[in-house]
Amino acid sequence: MPFGLKNAGATYQRLMDKVFQQQIGRNMEVYVDDMVVKTLSAEAHVADLAEKPDHHSDLLLYLAVAESAISTVIVQEHHKVQIPIYFISRVLQDMEKRYQMIEKLALALVTAARHLQPYFQTHQVLVKTNYLIKQILRKSELARRMIAWSVELSEFGIKYESHGPLKAQYLADFVAELTPTSAEKQQVWTLHVDGSSNSKGGGASIILEGPNKVTIEQSLKFGFKVTNNQAEYEAFLNARADLLSKLANTKCPGKYWTIIQETLNLPSLDDKVVKASDSVERGWMTGIWNYLKEGTLFEDKDEARKMRVRSAKFIIIGNKLFKCGISTHLLKCLAEFQTTYVIEEIHRGICGMHYGALSMATKVLQAGYYWLTLKSDCQAYVQRCKECQQFGNVHRQPPEHLHQMMSPWPFA
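Residues numbered from 1 in each chain as written. Predicted model: local features only at pLDDT ≥ 70, side-chain atom pairs only at ≥ 80, totals over all residues. Heavy atoms only, no water.

**Things to note about the pattern of salt bridges**
Here is step 1 of the chain: For the coordinates displayed, the defined rule picks out six salt bridges.
Here is step 2 of the chain: Between Arg145 and Glu103 there is a salt bridge, with its nearest N and O atoms 3.0 Å apart. Taken together, the positions of Arg145 in helix α6 (residues 144-153) and Glu103 in helix α3 (residues 101-115) put the pair 42 residues apart, joining distant regions of the chain.
Here is step 3 of the chain: For Arg145, a relative accessible area of 32% puts it in the partly exposed group.
Here is step 4 of the chain: Glu103 sits in the buried class, given a relative accessible area of 11%. (Salt bridge = Lys/Arg side-chain N within 4 Å of Asp/Glu carboxyl O. Helix = DSSP H or I, 4+ residues; strand = E, 2+ residues; numbered from the N terminus. Buried < 20%, exposed > 50% of the residue type's maximum accessible area, 1.4 Å probe, protein only.)

Next up, the structure:
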């Protein structure tokens, strides 16, 4: 016992109190590492000593293998009663699940020897099994992992016997069966939705299929007018689901007790039509687009004239706006939310060279893109670029013009 530790004495005392809780106060007294066995007569003294744990008796080890786990139980037999001492369990990995039965049993034994090494070193361990583990581990033509396990187990002098009466084998099997396989295993649920509409009304059905063959079915009847597309909103057409949807709008609730039926009197969403505004997405291209597409101009004559002159340089091809040039190819016009990506790719992308503002604007035009604030956006991006500001050339221009100084002529 490491007495140098601060709480070693109190911890050891609690351990002794737990080990000899049936004897302390009756025929034994314990103070830390001092133990006294007391008795009223010499004849009863031998019987009192026999109650103490026999640290030299053999430990019986039982192995169990489940589909996805292995377990080991160590017991000690006293007066023909097996007392559990320790048990361990372990989840098998994907590769270990493909082991043969004898390999899984050997893995369970190796795992027990690694985790319970003090028991294997101080006691004679007797493995109770009907499998020929001892003969298999002694063969020379074993797999590499089996050879390594055989060498690892050879230092303990383990003995093997047939387990005979099951007894503690039930405990090992129980632990192996209750060992959780994997807490992170994803549970997949599948949802089937379908709807139908006819002259009698509309209905929809929902089927939710989960793991372990769990199925939840619900049928809905609509108390308001719906179209077939509304009833089949994001539906996965399924034969069972289609039967349930037709059942909902043709039969009264209560006749099919295996299906959850419900009637909806009002729609879940308000009947509103939301129209997206294209002018927000197009931004600066809105006026040009409206003039080229519909001929719409501003009411102000000066603004209308400017729009006609400006729109002469643009053309719509395939529902996209392009800028025309005399000696340049067509430039695709970009909205404001698209310009940032283009600038970043040209400036610091795969082929980016951290160009200056004017060079980067030229590269954008050469790539085939255009927008009104091209040069100012490139200038602002270069000023925000950390690498350009940190490693760019430093212009050491003086704050004012240099003044020429005439040196006096000596002896003039």
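**Description of the side chain of Thr72**
Here is step 1 of the chain: Within the secondary structure, Thr72 is located in strand β4 (residues 69-78).
Here is step 2 of the chain: For Thr72, a relative accessible area of 3% puts it in the buried group.
Here is step 3 of the chain: With sequence-adjacent residues up to four places away left out, Thr72 is seen in contact with Leu61, Tyr62, Leu63, Tyr86, Phe87, Ile88, Ala108 and Ala112. (Contact = heavy atoms within 4.5 Å.)

**Thoughts on the environment of Met28**
Here is step 1 of the chain: Along the chain, the position of Met28 falls in strand β1 (residues 28-31).
Here is step 2 of the chain: Residue Met28 is classed as buried on the basis of its relative accessible area of 2%.
Here is step 3 of the chain: Each C-alpha atom of the pair Met28 and Leu49 lies 9.5 Å from the other, and the pair is 21 residues apart in sequence.

**What to know about the sheet that holds strand β5 (residues 81-91)**
Here is step 1 of the chain: The strand order across the open sheet formed by five strands is β5-β4-β3-β6-β7, and the pairing between neighbours is mixed. The open sheet has two edge strands with one neighbour each: β5 and β7 (159-161). Mean inter-strand twist for the sheet, computed between neighbouring axes without regard to direction, equals 25°.
Here is step 2 of the chain: Where strand β6 (residues 125-128) meets β7, three bridges bridge the pair, whose relative direction is parallel. By the bridge assignment, Val127 is partnered in β7 with Tyr160.
Here is step 3 of the chain: α3 rests against β3 (59-65), β4, β5, β6 and β7 of the sheet, and its axis sits at about 135° to β3. (Pairing = 2+ DSSP bridges. Axes fitted to C-alpha atoms, helices over the stretch in contact; angles between N-to-C directions.)

**What about the packing of helix α11 (residues 286-294) against helix α12 (residues 301-311)?**
Here is step 1 of the chain: Put simply, α11 and α12 touch, their axes get as near as 10 Å, and they point 80° apart. With respect to their mutual orientation, α11 and α12 come out roughly perpendicular. For the pair α11 and α12, contact is made by Gly287, Ile288, Tyr291 and Leu292 and by Met307, Arg308, Arg310 and Ser311, respectively.
Here is step 2 of the chain: Within the contact of α11 with α12, the residues separate by chemical class into four nonpolar, two polar and two charged. (Parallel < 35°, antiparallel > 145°, perpendicular 65-115°, else oblique. Nonpolar A, V, L, I, M, F, W, Y, C, P; charged D, E, K, R; others polar.)

**Considerations on the pairing of strand β2 (residues 34-37)**
Here is step 1 of the chain: Bridge analysis of β1 against β2 gives four bridges, and the strand direction is antiparallel. The partner of Tyr31 across the bridge, within β2, is Asp34.
Here is step 2 of the chain: Here β1 hands over to β2 after two residues, with Val32 in that stretch at a positive phi of 55°.

**With respect to the sheet that holds strand β15 (residues 369-370)**
Strands belonging to one sheet form pairs held by backbone hydrogen bonds; the direction of such a pair is parallel or antiparallel.
Here is step 1 of the chain: Read from one edge of the open sheet, four strands run β12-β13-β14-β15, paired in mixed fashion. Strands with a single pairing partner mark the edges of an open sheet, and in this sheet they are β12 (314-317) and β15.
Here is step 2 of the chain: Running over the sheet, α11 touches β12 and β13 (320-323) and is turned about 65° from β12.

**Side note on a negative patch on the surface**
Here is step 1 of the chain: On the surface, Glu299, Asp300, Asp302 and Glu303 cluster together into a negatively charged patch.
Here is step 2 of the chain: Among the secondary structure elements, Asp302 is positioned in helix α12.
Here is step 3 of the chain: For Asp302, a relative accessible area of 48% puts it in the partly exposed group. (Patch = residues over 30% accessible without salt bridge, like charges linked within 9 Å, V, L, I, M, F, W, Y side chains within 5 Å. Areas by Shrake-Rupley, 256 points an atom, 1.4 Å probe, with all protein chains shown as cover. Lys, Arg positive; Asp, Glu negative; His and termini not counted. Charge placed at Lys NZ, Arg CZ, Asp CG, Glu CD.)

**So, the packing of α3 against α6**
Here is step 1 of the chain: Two elements in contact, α3 and α6, have axes whose closest approach is 10 Å; the angle formed by their N-to-C orientations is 40°. Accordingly, the angle class assigned to the pair α3 and α6 is oblique. Handedness of the α3/α6 crossing: left-handed. Packed against α3, whose contacting residues are Glu103, Ala106, Leu107, Leu109, Val110, Ala113 and Arg114, the element α6 presents Arg145, Met146, Trp149, Glu152 and Leu153 at the interface. (Left-handed = near helix turned anticlockwise from the far one by under 90°.)

**As for the environment of Trp149**
Here is step 1 of the chain: With respect to the helices and strands, Trp149 occurs in helix α6.
Here is step 2 of the chain: A residue is classified by how much of its surface remains accessible, and Trp149, at 8% relative accessible area, is buried.
Here is step 3 of the chain: Sequence-wise, Trp149 and Leu109 are 40 residues apart; in three dimensions their C-alpha atoms are separated by 9.1 Å.
Here is step 4 of the chain: Filtering out sequence-adjacent residues up to four positions away, Trp149 remains in contact with Tyr99, Glu103, Ala106, Leu107, Val110 and Arg114.

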